[in-house]
Amino acid sequence: MQVKIRRSDSIVVLTGAGISRESGLDTFRDADGVWARVRLEDVATPEGYARDPERVHAFYNARRAALETVTPNAAHQALAALEARWPGNFLLVTQNIDDLHDRAGSRKLVPMHGELLKARCTACGDLLPWTGDLSTGMACPHCLRQGTLRPHVVWFGEMPLEMERIYAALADCDLFLSIGTSGNVYPAAGFVAEASGHGAHSVELNLERSQGAHLFAEGRYGPATQVVPAFVRDLLAAAGLD
């Protein structure tokens, strides 16, 4: 740690696809990522859904099924352990729509881009746990309207979730960690400037330097399953919690 840390300090963590990569889930923006194989305009926009909802459902059905084949890795587990042991305020904000943080034990968690294992009714607004496939032939269990269930996922052009809560935490935090994210998708890419502008120490933990690496006070680079547990150990030791 390049800065003194106190047990009373507030921590905000941002995670992206890189943290789940070593669990076997695809990233999006790498050369071999999801957007190299599928046009985001077709499957990740309201307009794409309006044009071909069954295609969009098929895309997310496949990704939902893939969650059954993966488990949380050491980076997810390290963050859950940090949350459990940290006496100060703690918030984990993830851009990921998988459930690996939840399965690792994270509870102070904001999935700002939604959750793959939930469905939302566009008619009545009901939010439902959902582990199977979705299709336009299904009816909402609450309002009984057919064809109104969609993945509870934030698409391009839609507002990320719980932004007021996130910005309040960023304004109040003493330490901001960014893990496994490209740093070029807003509004999350602006979180480091927001936190730093309020006096927080900022650290990037990533496989390699992101586009916004110069905005961070400190950086550690390598596989998430190595750098995240190591950083958490150092952080807990610096706070006298090891």
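Residues numbered from 1 in each chain as written. Predicted model: local features only at pLDDT ≥ 70, side-chain atom pairs only at ≥ 80, totals over all residues. Heavy atoms only, no water.

## Side note on the pairing of strand S7 (residues 175-179)
Working step 1: In terms of burial, S7 is a largely internal element, five of the five residues being buried.
Working step 2: Neither face of S7 is left uncovered, since the one carrying Leu175, Leu177 and Ile179 and the one carrying Phe176 and Ser178 both have all their residues buried.
Working step 3: Bridge count between strand S1 (residues 11-15) and S7: five bridges; the pairing is parallel. Of the residues in S7, the one forming a bridge with Leu14 is Ser178.
Working step 4: A crossover connection joins S7 to the parallel strand S8 (residues 201-206) through helix H8 (residues 191-197); in handedness this β-α-β unit is right-handed. (Buried < 20%, exposed > 50% of the residue type's maximum accessible area, 1.4 Å probe, protein only. Helix = DSSP H or I, 4+ residues; strand = E, 2+ residues; numbered from the N terminus. Pairing = 2+ DSSP bridges. Right-handed = clockwise from strand over helix to strand, strands pointing away.)

## Quick notes on the sheet that holds strand S9 (residues 218-221)
Working step 1: The six strands lie next to each other as S3-S2-S1-S7-S8-S9, forming an open sheet whose pairing is parallel. The sheet is open, and its two borders are formed by strand S3 (109-111) and S9, each paired with just one other strand. Sheet twist, expressed as the average angle between the axes of neighbouring strands with direction ignored, equals 15°.
Working step 2: Of the strand pairs in this sheet, S7 and S8 are connected by five bridges, and their pairing is parallel. Considered in S8, the bridge of Leu177 is made with Val203.
Working step 3: In the packing of helix H9 (residues 224-238) onto the sheet, contacts are made with S1, S7, S8 and S9, and the angle to S9 comes to roughly 135°. (Axes fitted to C-alpha atoms, helices over the stretch in contact; angles between N-to-C directions. Contact = heavy atoms within 4.5 Å.)

## Considering the environment of Phe231
Working step 1: Position of Phe231 among the secondary structure elements: in helix H9.
Working step 2: Exposure remark for Phe231: the relative accessible area of 0% places this residue in the buried category.
Working step 3: Sequence separation between Phe231 and Leu109 is 122 residues, and the spatial gap between their C-alpha atoms is 20 Å.

## So, the sheet that holds strand S5 (residues 127-129)
Working step 1: The strand order across the open sheet built from three strands is S5-S4-S6, with neighbouring strands paired in antiparallel fashion. Only two strands of the sheet have a single partner each, and these edge strands are S5 and strand S6 (149-153). Adjacent strand axes in the sheet meet at a mean angle of 45° when their direction is disregarded.
Working step 2: Most of the contacts of helix H4 (residues 53-66) go to S6, to which it runs at about 55°, and overall it touches strand S4 (114-121) and S6.

Geometric descriptors of this kind do not, in isolation, establish any biological role.
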